[in-house]
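Chain by chain, the residues:
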Amino acid sequence: MEALLEIDNIEVVYNKAVQVLRGLSLRVPHGAIVALLGSNGAGKSTTLKSVSGLLALENGEVTAGEIRFKGRSLKGVAPEKLVRGGLFHVMEGRRVFEDLTVEENLVAATYALSGRKNSLHDSYELVYDYFPRLRDRRKQLAGYLSGGEQQMLALGRALIAQPELIMLDEPSLGLAPQLVEEIFTIIARINREQGTAILLVEQNAAVSLAIASYGYIMENGKIVIDGPADRLATNEDVQEFYLGVGGKEGEVRSYRDIKHYKRRKRWLS
Ligand SMILES: Nc1ncnc2c1ncn2[C@@H]1O[C@H](COP(=O)(O)OP(=O)(O)OP(=O)(O)O)[C@@H](O)[C@H]1O
Ligand SMILES: [Mg+2]
(Lines give C-alpha, C1' and ligand atoms only; values in the text may rest on other atoms or scores of the structure.)
(Ligands and ions follow the chains in the order given, each with its own letter.)
Protein backbone atom coordinates (compact mmCIF):
# COMPACT_ATOMS: atom_id res chain seq x y z
CA MET A 1 0.00 0.00 0.00
CA GLU A 2 1.11 3.54 -0.69
CA ALA A 3 2.63 5.20 2.37
CA LEU A 4 1.96 8.81 3.40
CA LEU A 5 5.61 9.77 2.89
CA GLU A 6 7.89 7.84 0.59
CA ILE A 7 11.57 8.66 0.20
CA ASP A 8 13.18 6.62 -2.55
CA ASN A 9 16.90 6.39 -2.93
CA ILE A 10 17.70 10.08 -2.58
CA GLU A 11 21.11 11.65 -2.86
CA VAL A 12 21.77 15.11 -1.48
CA VAL A 13 24.67 17.38 -2.22
CA TYR A 14 25.52 20.70 -0.48
CA ASN A 15 27.25 23.52 -2.37
CA LYS A 16 27.40 21.34 -5.48
CA ALA A 17 30.31 19.57 -3.83
CA VAL A 18 29.65 17.73 -0.54
CA GLN A 19 27.51 14.62 -0.83
CA VAL A 20 25.65 13.98 2.41
CA LEU A 21 22.85 11.53 1.58
CA ARG A 22 23.80 8.45 -0.42
CA GLY A 23 20.78 6.52 -1.58
CA LEU A 24 18.50 6.97 1.41
CA SER A 25 15.03 5.38 1.42
CA LEU A 26 12.33 5.35 4.07
CA ARG A 27 8.58 5.25 4.46
CA VAL A 28 6.08 6.75 6.88
CA PRO A 29 2.69 4.98 6.73
CA HIS A 30 -0.52 6.98 7.37
CA GLY A 31 -0.98 7.64 11.09
CA ALA A 32 2.29 5.97 12.16
CA ILE A 33 5.15 7.13 14.36
CA VAL A 34 8.44 6.33 12.63
CA ALA A 35 11.82 6.99 14.29
CA LEU A 36 14.88 8.05 12.31
CA LEU A 37 17.92 7.56 14.51
CA GLY A 38 21.61 8.17 14.09
CA SER A 39 24.58 9.95 15.59
CA ASN A 40 25.84 13.49 14.95
CA GLY A 41 26.34 14.30 11.30
CA ALA A 42 24.64 11.14 9.98
CA GLY A 43 22.32 13.25 7.84
CA LYS A 44 19.06 13.16 9.82
CA SER A 45 18.29 16.87 9.62
CA THR A 46 19.31 16.90 5.96
CA THR A 47 16.74 14.17 5.32
CA LEU A 48 13.96 16.28 6.85
CA LYS A 49 15.10 19.40 4.96
CA SER A 50 15.01 17.42 1.72
CA VAL A 51 11.35 16.66 2.33
CA SER A 52 10.26 20.13 3.46
CA GLY A 53 12.14 21.99 0.76
CA LEU A 54 14.35 23.90 3.21
CA LEU A 55 17.45 22.41 1.61
CA ALA A 56 17.42 25.08 -1.07
CA LEU A 57 17.95 27.78 1.58
CA GLU A 58 21.25 26.12 2.47
CA ASN A 59 22.45 25.63 -1.07
CA GLY A 60 21.63 21.94 -0.90
CA GLU A 61 20.05 19.90 -3.66
CA VAL A 62 18.42 16.50 -4.10
CA THR A 63 20.44 15.22 -7.06
CA ALA A 64 18.86 11.77 -7.40
CA GLY A 65 15.88 9.77 -6.20
CA GLU A 66 12.33 10.86 -5.43
CA ILE A 67 10.23 12.05 -2.50
CA ARG A 68 6.45 11.54 -2.57
CA PHE A 69 3.85 12.82 -0.11
CA LYS A 70 0.35 11.35 -0.52
CA GLY A 71 1.55 9.81 -3.77
CA ARG A 72 2.69 13.10 -5.33
CA SER A 73 6.27 14.08 -6.03
CA LEU A 74 7.45 17.00 -3.89
CA LYS A 75 9.97 18.15 -6.46
CA GLY A 76 9.78 21.92 -6.86
CA VAL A 77 6.93 22.39 -4.36
CA ALA A 78 7.40 25.55 -2.24
CA PRO A 79 7.75 24.97 1.54
CA GLU A 80 4.72 27.15 2.40
CA LYS A 81 2.52 25.09 0.06
CA LEU A 82 3.52 21.97 1.95
CA VAL A 83 2.18 23.33 5.23
CA ARG A 84 -1.21 23.87 3.63
CA GLY A 85 -0.92 20.44 2.05
CA GLY A 86 -0.58 18.78 5.44
CA LEU A 87 3.15 18.48 6.05
CA PHE A 88 4.83 20.33 8.91
CA HIS A 89 8.53 20.40 9.76
CA VAL A 90 9.51 21.35 13.33
CA MET A 91 13.14 22.32 12.92
CA GLU A 92 16.00 21.50 15.25
CA GLY A 93 16.40 23.93 18.16
CA ARG A 94 12.75 24.91 18.81
CA ARG A 95 12.32 27.88 16.53
CA VAL A 96 9.83 30.17 18.23
CA PHE A 97 9.50 33.95 18.08
CA GLU A 98 11.15 34.95 21.34
CA ASP A 99 9.83 38.54 21.30
CA LEU A 100 6.23 37.40 20.93
CA THR A 101 4.05 35.94 23.65
CA VAL A 102 3.01 32.30 23.60
CA GLU A 103 -0.40 33.27 22.26
CA GLU A 104 1.07 35.54 19.59
CA ASN A 105 3.32 32.67 18.47
CA LEU A 106 0.23 30.53 17.95
CA VAL A 107 -1.55 33.35 16.11
CA ALA A 108 1.49 33.80 13.86
CA ALA A 109 1.34 30.10 13.06
CA THR A 110 -2.09 30.59 11.51
CA TYR A 111 -0.81 33.08 8.90
CA ALA A 112 0.54 30.25 6.77
CA LEU A 113 -2.93 28.72 6.69
CA SER A 114 -5.01 31.25 4.78
CA GLY A 115 -8.08 29.62 3.35
CA ARG A 116 -8.35 26.92 5.98
CA LYS A 117 -11.85 26.47 7.35
CA ASN A 118 -11.16 25.07 10.80
CA SER A 119 -12.00 27.40 13.67
CA LEU A 120 -8.91 29.10 15.03
CA HIS A 121 -10.32 29.33 18.53
CA ASP A 122 -10.70 25.55 18.55
CA SER A 123 -7.15 24.99 17.39
CA TYR A 124 -5.73 27.22 20.16
CA GLU A 125 -7.80 25.26 22.67
CA LEU A 126 -6.49 22.02 21.20
CA VAL A 127 -2.90 23.20 21.75
CA TYR A 128 -3.67 24.29 25.33
CA ASP A 129 -5.37 20.96 26.03
CA TYR A 130 -2.25 19.06 25.06
CA PHE A 131 0.09 21.55 26.71
CA PRO A 132 -1.58 23.01 29.82
CA ARG A 133 1.71 24.73 30.72
CA LEU A 134 1.31 26.87 27.63
CA ARG A 135 -2.17 27.96 28.70
CA ASP A 136 -0.76 29.12 32.04
CA ARG A 137 1.96 31.08 30.27
CA ARG A 138 0.06 32.33 27.27
CA LYS A 139 0.72 36.04 27.98
CA GLN A 140 4.42 35.45 28.63
CA LEU A 141 7.16 36.19 26.09
CA ALA A 142 8.32 32.98 24.43
CA GLY A 143 11.94 33.97 25.01
CA TYR A 144 11.41 33.59 28.77
CA LEU A 145 9.97 30.07 28.55
CA SER A 146 12.09 27.13 29.67
CA GLY A 147 13.65 24.94 26.99
CA GLY A 148 10.96 22.32 27.45
CA GLU A 149 8.16 24.89 27.23
CA GLN A 150 9.69 26.30 24.03
CA GLN A 151 9.74 22.80 22.57
CA MET A 152 6.06 22.49 23.55
CA LEU A 153 5.33 25.80 21.83
CA ALA A 154 7.16 24.66 18.69
CA LEU A 155 4.98 21.55 18.70
CA GLY A 156 1.90 23.64 19.41
CA ARG A 157 2.63 25.76 16.34
CA ALA A 158 2.69 22.55 14.30
CA LEU A 159 -0.63 21.40 15.79
CA ILE A 160 -2.33 24.65 14.70
CA ALA A 161 -1.78 23.58 11.10
CA GLN A 162 -3.53 20.24 11.80
CA PRO A 163 -1.08 18.44 9.54
CA GLU A 164 -1.21 14.82 8.41
CA LEU A 165 2.52 14.48 9.01
CA ILE A 166 4.73 16.27 11.53
CA MET A 167 8.48 15.88 11.12
CA LEU A 168 10.17 16.52 14.47
CA ASP A 169 13.89 17.23 14.61
CA GLU A 170 15.33 16.21 17.99
CA PRO A 171 12.56 17.31 20.35
CA SER A 172 14.54 15.90 23.30
CA LEU A 173 17.59 18.08 22.67
CA GLY A 174 18.86 19.68 25.87
CA LEU A 175 15.90 18.65 28.01
CA ALA A 176 15.94 16.94 31.41
CA PRO A 177 14.89 13.25 31.25
CA GLN A 178 11.60 13.86 33.04
CA LEU A 179 10.61 16.55 30.57
CA VAL A 180 11.60 14.31 27.67
CA GLU A 181 9.22 11.67 29.03
CA GLU A 182 6.45 14.26 29.36
CA ILE A 183 6.86 15.58 25.83
CA PHE A 184 7.13 12.14 24.24
CA THR A 185 4.00 11.01 26.05
CA ILE A 186 2.17 14.00 24.55
CA ILE A 187 3.57 13.25 21.08
CA ALA A 188 2.21 9.70 21.37
CA ARG A 189 -1.17 11.08 22.48
CA ILE A 190 -1.36 13.52 19.58
CA ASN A 191 -0.60 10.65 17.21
CA ARG A 192 -3.25 8.43 18.76
CA GLU A 193 -6.01 11.01 19.16
CA GLN A 194 -5.46 13.18 16.07
CA GLY A 195 -4.20 10.42 13.80
CA THR A 196 -1.20 12.59 12.92
CA ALA A 197 1.74 10.66 11.49
CA ILE A 198 5.10 11.55 13.03
CA LEU A 199 8.59 11.24 11.57
CA LEU A 200 10.72 11.51 14.67
CA VAL A 201 14.40 12.37 14.23
CA GLU A 202 16.33 11.62 17.42
CA GLN A 203 19.60 10.68 19.02
CA ASN A 204 17.67 9.41 22.02
CA ALA A 205 16.89 5.92 20.73
CA ALA A 206 15.30 4.56 23.89
CA VAL A 207 12.46 7.07 24.21
CA SER A 208 11.91 7.20 20.45
CA LEU A 209 11.61 3.45 19.97
CA ALA A 210 9.25 3.33 22.95
CA ILE A 211 6.60 5.38 21.10
CA ALA A 212 7.44 4.49 17.46
CA SER A 213 6.06 1.51 15.56
CA TYR A 214 9.00 1.35 13.15
CA GLY A 215 12.55 2.64 13.20
CA TYR A 216 15.43 3.39 10.87
CA ILE A 217 19.03 3.87 11.87
CA MET A 218 21.19 5.90 9.56
CA GLU A 219 24.87 6.43 9.33
CA ASN A 220 26.92 8.32 6.81
CA GLY A 221 23.97 9.29 4.66
CA LYS A 222 22.17 6.00 4.39
CA ILE A 223 20.02 3.57 6.33
CA VAL A 224 22.04 0.79 7.94
CA ILE A 225 19.34 -1.01 9.95
CA ASP A 226 15.56 -0.79 9.98
CA GLY A 227 12.71 -2.78 11.47
CA PRO A 228 9.73 -2.77 13.84
CA ALA A 229 10.54 -0.60 16.87
CA ASP A 230 10.24 -3.41 19.43
CA ARG A 231 12.66 -5.57 17.42
CA LEU A 232 15.16 -2.70 17.07
CA ALA A 233 14.96 -1.97 20.78
CA THR A 234 16.08 -5.53 21.54
CA ASN A 235 18.66 -5.71 18.74
CA GLU A 236 22.11 -6.24 20.29
CA ASP A 237 23.95 -3.67 18.20
CA VAL A 238 21.28 -1.07 18.78
CA GLN A 239 21.37 -1.78 22.51
CA GLU A 240 25.12 -1.50 22.65
CA PHE A 241 25.54 1.64 20.61
CA TYR A 242 22.32 3.54 21.16
CA LEU A 243 20.81 2.35 24.41
CA GLY A 244 23.98 2.09 26.45
CA VAL A 245 23.29 -1.53 27.44
CA GLY A 246 26.16 -4.01 27.65
CA GLY A 247 29.84 -3.33 28.14
CA LYS A 248 31.68 -4.30 31.32
CA GLU A 249 29.57 -5.04 34.33
CA GLY A 250 28.82 -2.01 36.46
CA GLU A 251 30.20 0.31 33.84
CA VAL A 252 28.10 3.37 33.29
CA ARG A 253 28.36 4.51 29.71
CA SER A 254 27.35 7.93 28.63
CA TYR A 255 26.12 8.58 25.15
CA ARG A 256 29.41 10.35 24.45
CA ASP A 257 31.36 7.17 25.29
CA ILE A 258 29.10 5.15 23.08
CA LYS A 259 29.56 7.57 20.22
CA HIS A 260 33.31 7.58 20.71
CA TYR A 261 33.39 3.81 20.63
CA LYS A 262 31.14 3.76 17.64
CA ARG A 263 33.61 5.74 15.59
CA ARG A 264 35.90 2.74 15.71
CA LYS A 265 33.27 0.12 15.07
CA ARG A 266 30.87 1.06 12.30
CA TRP A 267 27.59 -0.62 11.51
CA LEU A 268 27.77 -3.59 9.18
CA SER A 269 31.06 -2.57 7.63
N1 LIG B 1 24.24 23.72 4.96
C2 LIG B 1 25.22 22.81 4.89
N3 LIG B 1 26.27 22.98 4.06
C4 LIG B 1 27.25 22.05 4.00
N5 LIG B 1 27.27 20.90 4.71
C6 LIG B 1 26.25 20.68 5.54
C7 LIG B 1 25.17 21.61 5.68
N8 LIG B 1 24.30 21.13 6.59
C9 LIG B 1 24.81 19.96 7.01
N10 LIG B 1 25.96 19.67 6.38
C11 LIG B 1 26.79 18.47 6.57
O12 LIG B 1 25.99 17.35 6.27
C13 LIG B 1 26.24 16.29 7.20
C14 LIG B 1 24.94 15.86 7.83
O15 LIG B 1 24.42 16.93 8.60
P16 LIG B 1 22.99 16.85 9.31
O17 LIG B 1 22.77 18.14 9.98
O18 LIG B 1 22.00 16.39 8.34
O19 LIG B 1 23.26 15.68 10.38
P20 LIG B 1 22.39 15.22 11.61
O21 LIG B 1 22.27 13.74 11.52
O22 LIG B 1 21.16 16.01 11.69
O23 LIG B 1 23.37 15.56 12.84
P24 LIG B 1 23.02 16.08 14.34
O25 LIG B 1 22.63 14.88 15.12
O26 LIG B 1 24.31 16.64 14.80
O27 LIG B 1 21.93 17.11 14.24
C28 LIG B 1 27.28 16.82 8.17
O29 LIG B 1 28.54 16.33 7.79
C30 LIG B 1 27.20 18.31 8.00
O31 LIG B 1 28.45 18.89 8.24
MG1 LIG C 1 20.39 17.35 13.07
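This write-up is about the structure you can find in this document. Remember, it's a predicted structure, so these values are computed and weren't measured experimentally.

Before going further, it helps to spend a moment on the overall build of the chain. Check the secondary structure of the chain and you find 11 helices and 10 strands. Within the chain, buried positions represent 49% of all 269 residues. Restricting to contacts in the chain with at least 6 residues of sequence separation, those with at least 24 account for 70%.

Turning next to the side chain of Q151. For Q151, the location among the structural elements is in helix α6 (residues 147–160). Using a relative accessible area of 3% as the deciding quantity, one classes Q151 as buried. Leaving out residues up to four positions away in the same chain, Q151 has contacts with V90, R94, E170, P171, L175 and I183.

This part covers the coordination of the magnesium ion (ligand 2). For a metal with four donors in a tetrahedral arrangement, the ideal angle between donors is 109.5 degrees, while six donors in an octahedron ideally sit at 90 or 180 degrees. Binding of the magnesium ion (ligand 2) to the protein goes through S45 (OG) and E92 (OE), at separations of 2.0 to 2.6 Å. With S45 in helix α1 (residues 44–52) and E92 in the loop between β6 (87–90) and α3 (102–110), this pair connects stretches of sequence that are 47 residues apart. Judged by relative accessible area, which is 33%, E92 ranks as partly exposed.

Sheet architecture is open: six strands sit in the order β6-β7-β8-β3-β9-β10, paired in mixed fashion. What marks the edges here is a single partner per strand, and that holds for β6 and β10 (222–228). Strand-to-strand twist across the sheet, computed as the mean angle between neighbouring axes with direction ignored, equals 15°. Sheet strands touched by α1: β3 (33–37), β6, β7 (165–169), β8 (197–202) and β9 (214–219). Its angle to β7, the strand with the most contacts, is close to 150°. In the packing of α6 onto the sheet, the strands contacted are β6 and β7, and the crossing angle to β6 comes to about 165°.

Moving on to the nonpolar core. The biggest cluster of nonpolar side chains holds 51 residues, and the ones touching the most others in it are F131, L134, L153 and L168. Ignoring any residue separated from it by four or fewer positions in sequence, one finds F131 in contact with M152, L155, G156, L159, I186 and I190.

On to α6. Over its 14 residues, α6 extends 20 Å from the first C-alpha to the last, a length consistent with the 20 Å expected when each residue adds 1.5 Å. Summarising burial for α6: 13 of the 14 residues are buried, a large majority. Count one or two residues on from α6 and you reach Q162, which has phi positive near 40°.

Attention now moves to unusual backbone geometry. Trans peptide bonds make up most of the peptide bonds, and negative phi angles are found at most residues other than glycine. Of note in the backbone geometry, K70 takes a positive phi value of approximately 50° without being a glycine. Along the chain, K70 falls in the loop between β4 (60–69) and β5 (72–73). Even without being glycine, E170 reaches a positive phi, approximately 50°. Tracing the sequence through the fold places E170 in the loop between β7 and α7 (177–194). Judged by relative accessible area, E170 falls into the buried class, the value being 6%.

Taken as a whole and assessed by the stated rule, the structure comprises 16 salt bridges. A salt bridge links R27 to E6; its shortest N-O distance comes to 4.0 Å. Taken as a pair, R27 in strand β2 (residues 18–28) and E6 in strand β1 (residues 5–14) lie far apart in primary sequence, 21 residues in all. Owing to a relative accessible area of 32%, R27 belongs among the partly exposed residues under this scheme. Looking at E6, the relative accessible area reads 7%, which means it is buried. Among the ionic pairs, R68 bridges to E6, the shortest N-O distance being 3.0 Å.

Another point: the site of ligand 1. Close contacts around ligand 1 come from 15 residues, with N40, G41, K44, S45 and T46 the closest. A distance of 2.8 Å separates an oxygen atom of ligand 1 from a polar backbone atom of G41. The separation between an oxygen atom of ligand 1 and a polar side-chain atom of S45 is 2.8 Å. Across the complex, the protein chains shield 68% of the 630 Å² of accessible surface that ligand 1 would expose by itself. Among the residues forming the shell around ligand 1, the class breakdown is three nonpolar, eight polar and four charged.

A word on the pairing of β3. Burial runs high along β3: five of the five residues are buried. Of the two faces of β3, the one carrying I33, A35 and L37 and the one carrying V34 and L36 are both buried. Across five bridges, β3 lies against β8 in parallel orientation. In the sheet register, V34 faces β8, and the bridge partner there is L199. The sheet contact formed by β3 and β9 spans four bridges and is parallel. Bridged to L36 within β9 is Y216.

Calculation rules
Residues numbered from 1 in each chain as written. Chains lettered and ligands numbered in written order. Predicted model: local features only at pLDDT ≥ 70, side-chain atom pairs only at ≥ 80, totals over all residues. Heavy atoms only, no water. Helix = DSSP H or I, 4+ residues; strand = E, 2+ residues; numbered from the N terminus. Buried < 20%, exposed > 50% of the residue type's maximum accessible area, 1.4 Å probe, protein only. Contact = heavy atoms within 4.5 Å. Donors = N, O, S within 2.8 Å, 3.2 Å for Na, K, Ca; no water. Pairing = 2+ DSSP bridges. Axes fitted to C-alpha atoms, helices over the stretch in contact; angles between N-to-C directions. Core = buried A, V, L, I, M, F, W, Y, C linked by side-chain atoms within 4.5 Å. Expected span 1.5 Å × (residues − 1). Salt bridge = Lys/Arg side-chain N within 4 Å of Asp/Glu carboxyl O. Near = heavy atom within 4 Å. Polar contact = N/O pair within 3.5 Å; in protein donor to acceptor, adjacent residues only side chain to side chain. Areas by Shrake-Rupley, 256 points an atom, 1.4 Å probe, with all protein chains shown as cover. Nonpolar A, V, L, I, M, F, W, Y, C, P; charged D, E, K, R; others polar.

Spatial relationships are all this shows, so hold off on functional conclusions.
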